[in-house]
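Working through the structure, step by step
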Amino acid sequence: MPSHASKQVRNKIIGYLIFLLVLALIPLFVRAGIITEFVQNLLMYSIIFAIAGLAFNILLGYSGLLSFGHAAYFAVGAYTVALAPQFIGETSFEVLILLALAASAIVSMAFGYIAVRLTRIFFAIMTLALTQLVWALILKLYWYTGGSDGVNVKAKPLLGIPFNEFMSRPEYLNTVFYYYLLGIFAISLFIIWLVVNSPFGRALLATRDNETRAEFVGIRVRLYRWYAFIISGVFTGLAGALFAVLNGHVTPEQADWIFSGDIVFVAVLGGFRFFEGPILGSIIFIFVRQYAMGYTIFWRLILGSVLIVLILAFPSGIMGALNSIANRIRAGSRILPAAPTPTPTAITDIKHHQEGGREK
Amino acid sequence: MSSQEPILYTVDLKKYFGEVRAVDGVSFKISPGEVVALIGPNGAGKTTFVNVITGYFNPDAGKIYYQGKDITKASRIKKIRMGIARSFQLVNLYDELTALDNVRIAVLSRLGKTSIFWKPVERFDDVRSEALEILASFGLEEKAEVPAKALPQGERKLLDVAVAFALRPRVLLLDEPTSGVSSKDKHTIMERIVPTVRNEKIATMIIEHDMDIVFGYSDRVVVMYDGKILAEGKPEEIRQSREVQEKLLGVTAGAS
Ligand SMILES: Nc1ncnc2c1ncn2[C@@H]1O[C@H](COP(=O)(O)OP(=O)(O)OP(=O)(O)O)[C@@H](O)[C@H]1O
Ligand SMILES: [Mg+2]
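What comes next concerns the included structure. Within each chain, residues carry numbers counting from 1 in the order of the written sequence. Chains carry letters from A onward and ligands carry numbers from 1 onward, assigned in written order. Note on the predicted model: pLDDT of at least 70 is required for a residue's local features to be given, and 80 or more for side-chain atom pairs to be given and counted; whole-chain, interface and lining totals, by contrast, use all residues. As a rule here, side-chain values come from all non-hydrogen atoms in the structure, and water together with hydrogens is ignored.

**Quick notes on the sheet that holds strand 1 (residues 8-17) of chain B**
Residue and element names in this part refer to chain B. Note on pairing: two strands pair once DSSP finds at least 2 bridges between them. Here a helix means four or more residues in a row that DSSP labels H or I, a strand means two or more in a row labelled E, and each is numbered from the N terminus. With respect to topology, 4 strands assemble into an open sheet ordered 2-1-4-5, the strand pairing being antiparallel. Where the open sheet ends on each side, the last strands, each with one partner, are strand 2 (20-30) and strand 5 (69-70). Strand direction decides the pairing type here: strand 1 and strand 4 (residues 61-66), joined by 5 bridges, are antiparallel. By the bridge assignment, Val11 is partnered in strand 4 with Lys63. Strands in contact with helix 1 (residues 46-53) are strand 1, strand 2 and strand 4; relative to strand 1, the strand with the most contacts, it is inclined by about 115 degrees. It only takes one pair of heavy atoms within 4.5 Å for two residues to be counted as in contact. Axis definition: a line fitted to C-alpha atoms, limited for helices to the stretch in contact. Angles are taken between N-to-C directions and run from 0 to 180 degrees.

**With respect to the packing of helix 12 (residues 257-270) of chain A against helix 13 (residues 277-295) of chain A**
All names here are of chain A. As a packed pair, helix 12 and helix 13 sit with axes 7 Å apart at the nearest point and diverge in direction by 115 degrees. In this structure, helix 12 crosses over helix 13, and the sense of that crossing is right-handed. Two secondary-structure elements touch here, helix 12 through Asp262, Phe265, Val266, Ala267, Leu269 and Gly270 and helix 13 through Gly277, Pro278, Gly281, Ser282, Ile284, Phe285 and Arg289. As a working rule, the residues Ala, Val, Leu, Ile, Met, Phe, Trp, Tyr, Cys and Pro are called nonpolar, Asp, Glu, Lys and Arg charged, and the rest polar, with Gly in that last group. For the contact of helix 12 with helix 13, the class distribution of residues is 7 nonpolar, 4 polar and 2 charged. Left-handed is the label given to a crossing in which the near helix is rotated counterclockwise from the far helix by less than a right angle, and right-handed is the label when the rotation is clockwise.

**Concerning a nonpolar patch on the surface**
All names here are of chain A. In this scheme, patches are assembled from residues that exceed 30% relative accessible area and form no salt bridge. Like charges are connected within 9 Å, while nonpolar side chains (Val, Leu, Ile, Met, Phe, Trp, Tyr) are connected within 5 Å. The Shrake-Rupley method, run with a 1.4 Å probe, gives the accessible areas here. Residue values count only the displayed protein chains as cover. Each salt bridge in this description consists of a side-chain nitrogen of Lys or Arg and a carboxyl oxygen of Asp or Glu lying within 4 Å of one another. Where nonpolar side chains cluster on the molecular surface, the patch consists of Ile14, Ile18, Leu21, Val22, Leu25, Leu28, Phe29, Ile34 and Tyr179 and spans about 820 Å² of accessible area. Counting residues per element, the nonpolar patch draws most heavily on helix 1 (residues 4-31), at 7 residues. Counting through the fold element by element, Ile34 comes out in the loop between helix 1 and helix 2 (37-63).

**Describing the coordination of the magnesium ion (ligand 2)**
All names here are of chain B. Within the first shell, the magnesium ion (ligand 2) binds the protein through Thr47 (OG1) and Gln89 (OE1), at distances of 1.9 to 2.2 Å. Here the residue Thr47 occupies a position in helix 1, and Gln89 occupies one in the loop between strand 6 (84-86) and helix 3 (99-110), the gap between them amounting to 42 residues. By the burial criterion, Thr47 is buried, and Gln89 matches it. Because no water is among the atoms considered, metal sites can look incomplete, with donors defined as N, O and S atoms within 2.8 Å of the metal, or 3.2 Å for Na, K and Ca. Only protein chains enter the accessibility calculation, which uses a 1.4 Å probe; a residue is then buried when its area is under 20% of its type maximum, exposed when over 50%, and partly exposed in between.

**A look at the interface of chain B and chain A**
Many authors give the size of an interface as the accessible area that is lost as the parts come together. Residue-level contacts link 44 residues of chain B with 38 residues of chain A. Defined here as a combined quantity, buried area equals the accessible surface (1.4 Å probe) lost by two parts on assembly, summed across both. Counting the surface lost from both chain B and chain A, the interface buries some 3600 Å², and carbon and sulfur atoms represent 59% of this. Viewed at the interface, chain A and chain B are joined by 4 salt bridges. In this structure, Arg213 of chain A and Asp160 of chain B form a salt bridge, with 3.1 Å as the shortest nitrogen-oxygen distance. Here a polar contact is taken to be a pair of N or O atoms separated by no more than 3.5 Å, where protein atoms must pair a possible hydrogen donor with a possible acceptor and residues adjacent in sequence count only if both atoms sit in side chains. Viewed at the interface, chain A and chain B are joined by 17 residue pairs in polar contact (both at pLDDT 80 or more). Mapped by element, the contributors of at least two residues to the side of chain B that touches chain A are helix 1, helix 2 (76-82), helix 3 and helix 5 (153-165) of chain B. Residue contributions to the side of chain B that touches chain A peak at 6 residues, all from helix 3 of chain B. Tallied by class, residues from the side of chain B that touches chain A come to 21 nonpolar, 9 polar and 14 charged.

**Overview of helix 13 of chain A**
Here the expected length of a helix is defined as 1.5 Å per residue gap, with one fewer gap than residues. Along its 19 residues, helix 13 of chain A runs 27 Å from first to last C-alpha, staying within 8% of the 27 Å computed at 1.5 Å per residue. Listing the buried residues of helix 13 of chain A in full gives Gly277, Pro278, Ile279, Gly281, Ser282, Phe285, Ile286, Phe287, Arg289 and Ala292 of chain A.

**Examining the packing of aromatic side chains**
Pairing of aromatic side chains requires ring centres within 6.5 Å, counting the rings of Phe and Tyr and the six-membered ring of Trp. Pairs whose planes differ by under 30 degrees are stacked, by over 60 edge-to-face, and all others tilted. Counted under the stated rule, the structure contains 31 aromatic pairs over all chains. For the pair Phe265 of chain A and Phe285 of chain A, a centre-to-centre distance of 5.3 Å together with 45 degrees between the ring planes defines the contact as tilted. Within this pair, whereas Phe265 of chain A is found in helix 12, its partner Phe285 of chain A is found in helix 13, the two being separated by 20 residues in sequence. Judged by relative accessible area, Phe265 of chain A falls into the buried class, the value being 6%. Linked through ring pairs, Tyr45, Phe49, Phe74, Phe243, Phe259, Phe265 and Phe285 of chain A together constitute an aromatic cluster. Positioned above the aromatic ring of Phe124 of chain B, the side-chain terminus of Lys119 of chain B is 4.6 Å from the ring centre. Consider the ring centre and the ring normal. A charge sits over the ring if Lys NZ or Arg CZ is within 6 Å of that centre and within 35 degrees of that normal.

**Let's talk about the site of ligand 1**
With respect to spatial proximity, 17 residues lie near ligand 1, and among them Asn42, Gly43, Lys46, Thr47 and Thr48 of chain B are the closest. At ligand 1, the nearby residues belong to more than one chain, namely chains A and B. Residue Thr48 of chain B places a side-chain N or O atom 2.5 Å away from an oxygen atom belonging to ligand 1. Here His209 of chain B contributes a side-chain N or O atom positioned 3.0 Å from an oxygen atom of ligand 1. Protein chains bury 79% of the 630 Å² of accessible surface belonging to ligand 1 in isolation. With 3 residues, the top contributor of residues to the shell around ligand 1 is helix 1 of chain B. Class assignment of the residues belonging to the shell around ligand 1 gives a composition of 6 nonpolar, 7 polar and 4 charged. The criterion for a residue being near a molecule or strand is simple. One of its heavy atoms has to lie within 4 Å of it.

Written as structure tokens, this is what we have:
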């Protein structure tokens, strides 16, 4: 029975494929002089942020948990790539990625174990506090981590091929590394999409919308939140690993709470109620930040104001705004049932948790 | 029917909240296929009784037996897995999710499939069709794709019961499935629930304030008052009991 839902899914998958195809053509556009290498470089940062944002959104969008500590897993991934060569020598990037995944898995298991005992603002504060631990550790272990100076990261062999030895750094980044990054983005997109659209993803939505009910259909709420936390942390660590090579330098800034805020920003800006929201949010964030930084040192203030205006005007992010515009246009030609207006979970959730405490 | 072995019974069950003796020594039993109405004024302890049976609260004293086994100390999840399900006085639904998903999640959970993260939920055709069947038996098939929050109150109450029903329980505890809807809708709701649970021989306890509903749809009525069982018997007997009339019918007329 080809349902309405599966047709929608097919359209979405086609959309993602087109998006990936366009990204794959970017180096050709650069070569043709249509866009600059600098823009391509910004796009690479956007893709990395998109992976982190998608991962973060497993918690915010699908589990109703606002993590204010995703910098921790990002930094663990980045620092693993930066520091591991000191111990195991220079190796192909895949080895370092595996180590980064393992390290961020361990840290997110430990932090998640503590954090999922809490919800709402308490969850956010706990994740924030735990992240400061990582940040402090990076600063304290300066003989390994270089303290606030950070560590330089060399270009790595990819798939065992030492491109880094016969290519200049810009050439390496804009060609082979770009496609490598794109490949990992595609895989991450696929896996995270599967996770949130699987029965497990539905169970997460259940815990998000009504914890009490979820428990009374037999879902182990905390355990599922913990799983979600780990998956989220691991993909954020993966983003960090990619960042280390692209940026060529990692610093404690990546473990800073402000950086956690950037990840939150990306999801909220794009629309955390939409799977694609963080992708859109990342692209806009990276480009706007770049240009805002050029104009003023108060760019964070500007971004912050943008966020506040956005939350007030479009609580469901840019995706939400686009969605309702699209619906309005479609409604002009055909009569369609209005799409359910998404409401921010963080707010509806508070009500549920309070009701959950005592049902009367 | 009530001559059958009870599937669930409690012995002298107690739950106090400080000075408040919400459940104060309740011995209750229910057999497969039976529909029992639990009535009593506001604050009588009916919801608390359900909360204790389902493990929402631990009892302060007394025992709960299910299929002959002592389950007093069993966890909430264990009780659900064993086949004890409940609905809620104030509906507890996944408001942003469709009616289909509300039921489907319960089906997935019962089948132990909620930990599958590598396959889209839409690919579980059997789960989907079972969920749709359940929606249909509650008259909600047209609403499958509607978010729970967009449903009218009567349908939300039905969906809340459908979610519990989707766990294929042997004991179903329904906490005021008709509260907050018009009396016409109350009958519609009961016309959906009662035949469905009878079909499946589910031991069903329904907490209810509306006497028409109580007398019209139950096999047996249990009256709770101040945490204790005041009377129990066939609907006819209860209707004629002086004690119940004095203590209850006056009170219930104005109840929710
Ligand atoms: N979690 C709780 N903490 C403290 N007191 C409670 C709690 N739950 C119930 N009570 C008290 O226990 C008593 C019984 O409440 P309960 O909700 O079980 O009554 P009920 O019979 O379901 O009433 P209603 O018909 O209004 O739903 C009341 O006095 C109530 O205030
Ligand atoms: Mg009650």
